[in-house]
Amino acid sequence: MTNVVYALGYRTWADGVKVGYAFSPERIAVRLRDDRTLAQVVLVDPVRSHLKRLVPERPAAPRFSVDPTRRHLQPRRWPRGEPTERAEAVKVQRRLDARLRGLVDSRDTVLVTSHPVLAAVAERAAWRDVAFYAWDDFRGVPGSAGLVQWAYDQITAREVNVVAVTPAIVEIVGARRSTVVPNGIVAADFEPPGTVPEWYDALPGPVAFYAGSLQRRIDVAALLQLADDLPPEWRLVLVGPLQEPECFAALAERSNVLIRPAEPRRQVLAMMAAATVCLVPHLPETEGMSPLKVYEYLGAGAPVVATDLGPMRGLSSHCRLVAPGQRLAPEVLAAAGQPRATRSEVLAFRNEHDWDHRYLAWRAAVVGA
């Protein structure tokens, strides 16, 4: 039986728990833990500072597992922050690789990591295989573009196995060994449905809705135009952590725009289901993403209007695409005027894109059938 060491990149197990296991790294971690065809599973957090222990998580994240064959490692070093200088980053990740090889019989173990530098420097000959799980283009990590590009070049040169969420990321990395496994959802998350917050329930008229981190990946210019073009009774509602507030200052001034902080996951899913139309207004440079939100919108049964990018195409007839730079309003109003997805259509979409199916494809790409 095969072992798997699964080393997260940039986000810890606790980070995933905080958002309700919403994103693919924690979805995979849970399925690896529960996969009884694997002899041992070691989940590894990104390297964090010892100083983090002085401010413990409140509330503490639940343990990954009580099964001794399912371990959770939280590696530490003294300096704070993710190293962005190549020599330091390589030193940290090589030390981690050596430590991980000491935990298991690495000859029977696949090392899977979402940290590009660990994938680039891991001792391939010591492992059964090394795989890089690219659930995003990590060149967007602040201050790390050059380091990550170097890591991508090393991953390609050393023929590391790449499992990516989009063909665009495979091309960006330049991988010769690769498999595309898009994002997905968990059908059970939508049943029974949650309830919307009181402030949302009180909104008058139709709602164009966006849920997610509010950062510069969003086409704010398109949303400003949409706010101007929508009929007076409409509201444009954005819900999520305001990570780059300067990008949204002008939008927040519009009288028909409401920007709200993040809400609990079940309430966000309920808002998606209640929205008149849901939006994915991403800039073209996000082509490498496989946006979770478009799967969640469609899984909630909402009509979607999205920027016409590769990962959005062919998902559903209820997802309307708008070329970058074109106005969103005509498609938003058209989507609002069309019949919503039927119950059978929604259930079929949830089943097709459920992580139970995604994991089987991911597992086959990483460790084989």
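Structure first, text after, so check above.
Residues numbered from 1 in each chain as written. Predicted model: local features only at pLDDT ≥ 70, side-chain atom pairs only at ≥ 80, totals over all residues. Heavy atoms only, no water.

Caption draft 1: Helix H5 (residues 145-157), seen in detail. The end-to-end C-alpha distance of H5, which contains 13 residues, comes to 18 Å, matching closely the 18 Å that a straight helix rising 1.5 Å per residue would cover. All of the buried residues in H5 are Leu-147, Val-148, Trp-150, Ala-151, Tyr-152, Ile-155 and Thr-156. Buried residues along H5 sit in contact with helix H3 (86-101), helix H4 (116-121), strand S7 (129-134), strand S8 (161-164) and helix H6 (167-173). Positive backbone phi, at 55°, marks Glu-159, one or two positions downstream of H5. (Helix = DSSP H or I, 4+ residues; strand = E, 2+ residues; numbered from the N terminus. Expected span 1.5 Å × (residues − 1). Buried < 20%, exposed > 50% of the residue type's maximum accessible area, 1.4 Å probe, protein only. Contact = heavy atoms within 4.5 Å.)

Caption draft 2: A look at the sheet that holds strand S4 (residues 70-73). The seven strands lie next to each other as S4-S2-S1-S6-S7-S8-S9, forming an open sheet whose pairing is parallel. The sheet terminates laterally at S4 and strand S9 (178-180), the two strands that pair on one side only. Between one strand and the next, the sheet's axes are offset by a mean angle of 15°, whatever the strand orientation. Across five bridges, the pairing between strand S1 (residues 3-7) and strand S6 (residues 109-113) is parallel. Among the inter-strand pairings, Val-4 is bridged to a residue of S6, identified as Val-110. Where helix H2 (residues 24-34) meets the sheet, it contacts S1, strand S2 (41-44), S4 and S7, and its direction lies at approximately 155° from that of S1. (Pairing = 2+ DSSP bridges. Axes fitted to C-alpha atoms, helices over the stretch in contact; angles between N-to-C directions.)

Caption draft 3: Main features of the pattern of salt bridges. Per the stated rule, a full pass over the model turns up 24 salt bridges. Residue Asp-308 pairs with Arg-313 through a salt bridge whose shortest N-O separation is 2.8 Å. Residue Asp-308 is classed as partly exposed on the basis of its relative accessible area, which comes to 25%. Connected through shared salt-bridge partners, Arg-27, Asp-189, Arg-265 and Glu-296 make up one network. (Salt bridge = Lys/Arg side-chain N within 4 Å of Asp/Glu carboxyl O.)

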